[in-house]
Amino acid sequence: MTSEYQIKKEICEIGKRIYDRGMVAANDGNISVKLSDNLFLCTPTGVSKGFMTPEYICKVDAEGNVIQANPGFKPSSEIKMHLRVYKERPDVNAVVHAHPLYATGFAIAGIPLTQPIMPEAIIALGCVPIAEYGTPSTEEIPNAVAKYLQNFDAVLLENHGALTFADTLLNAYHKMESVEFYAQLLFISNQLGGPKELSPEQVNRLYDIRRKFGLKGKHPADMCLNLKSGNTSCHSNGKCELASESAASKVDEDLVAQITRKVIEQLSK
Ligand code: 13P
């Protein structure tokens, strides 16, 4: 079994990776790992996550009470967000929060990552919704994120950043890399005239591959199987119902505008 000290070292290693890859600036971002149902390790607040040593890492219980912290260190101000993920997702053992440049750009622009543009992103993530803005360190962010936890392993935080979670710390970190890579590709392809999206059939084939692989975690492919509308893929109409509520309301607005135009055309004949 991995020792607690080893896990602390791994948290420092992942902190260094998110810092070195520019996924956080200065003291931003936070990481946690579940030790048991009531014990969690987390990064301390207000330090650069790129320069931590195991002595920095704090231990809290499921309520966020400090169980152990060395002098000068206090648990992350975002610990409530992490603990909410663990509470709602017993399969999750690690949570990573960062502010990667492109993904955060989409979160600030209010654009969820829903366009099906490349197989790896579709298999790993499906699509990535945006949880409504909340003030950092309050219950607002955990409450906003909660709604997406049963269907996704990655969420953008409106005007803030991104949150990923998985069965292991490395996998949670890899999800963060995948989110950022997806956002970056989406941004670049938009600069090049707009992405050529994969078709609903191509998306469904990728979703089938994911199901066959039996990959762990939650994914919209599973959610789509349960869609009452009969859609087999949330990408099948170019929009994910849960991921893109704002986009969906835009579609509704477009539809209303079209119908209004048609009615006016008919009346003026
Ligand atoms: P902490 O240093 O308190 O974890 O906060 C960093 C951060 O990114 C808040 O969103």
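Summarised in this report is the structure supplied together with it. Predicted model, so just to flag it, every value in this text is computed and none were measured.

### A short note on the nonpolar core
Counting 63 residues, the largest nonpolar core has Ile11, Leu113 and Leu156 as the members making the most contacts within it. Here this core takes eight residues from helix H6 (residues 169–191), the largest share from any one element. What Leu113 contacts, discounting residues up to four positions off in sequence, is Phe106, Cys127, Val128, Leu156, Val179, Tyr182, Ala183 and Leu186. Judged by nonpolar contacts, the second largest core, of six residues, contains Ile122, Val203, Leu206 and Ala221.

### Brief notes about the packing of helix H3 (residues 101–109) against H6
At a minimum axis distance of 7 Å, the contact between H3 and H6 shows a crossing angle of 70°. Here H3 is positioned roughly perpendicular relative to H6, judged by the angle of their axes. In terms of crossing hand, the pair formed by H3 and H6 is left-handed. Here Leu101, Tyr102, Ala103 and Phe106 of H3 come into contact with H6, specifically with Val179, Glu180, Ala183, Gln184, Leu186 and Phe187. Split into classes, the residues belonging to the contact of H3 with H6 amount to eight nonpolar, one polar and one charged.

### A closer look at the pattern of salt bridges
Applying the stated criterion across every chain, the model contains 12 salt bridges. Ionic pairing is found between Lys16 and Asp20, a salt bridge with its closest N-O pair at 2.7 Å. Here Lys16 pairs with Asp20, and both are found in helix H1 (residues 4–20), just four residues apart, close to one helical turn. A residue is classified by how much of its surface remains accessible, and Lys16, at 40% relative accessible area, is partly exposed. The exposure class of Asp20 is partly exposed, given its relative accessible area of 48%. We note a salt bridge from Glu177 to Arg21, for which the minimum N-O separation is 2.9 Å. Here Glu177, found in helix H6, pairs with Arg21, found in the loop between H1 and strand E1 (30–36); they are 156 residues apart in sequence, far enough to count as distant. For Glu177, a relative accessible area of 23% corresponds to the partly exposed category.

Criteria and cut-off values
- Residues numbered from 1 in each chain as written.
- Predicted model: local features only at pLDDT ≥ 70, side-chain atom pairs only at ≥ 80, totals over all residues.
- Heavy atoms only, no water.
- Core = buried A, V, L, I, M, F, W, Y, C linked by side-chain atoms within 4.5 Å.
- Buried < 20%, exposed > 50% of the residue type's maximum accessible area, 1.4 Å probe, protein only.
- Helix = DSSP H or I, 4+ residues; strand = E, 2+ residues; numbered from the N terminus.
- Contact = heavy atoms within 4.5 Å.
- Axes fitted to C-alpha atoms, helices over the stretch in contact; angles between N-to-C directions.
- Parallel < 35°, antiparallel > 145°, perpendicular 65-115°, else oblique.
- Left-handed = near helix turned anticlockwise from the far one by under 90°.
- Nonpolar A, V, L, I, M, F, W, Y, C, P; charged D, E, K, R; others polar.
- Salt bridge = Lys/Arg side-chain N within 4 Å of Asp/Glu carboxyl O.

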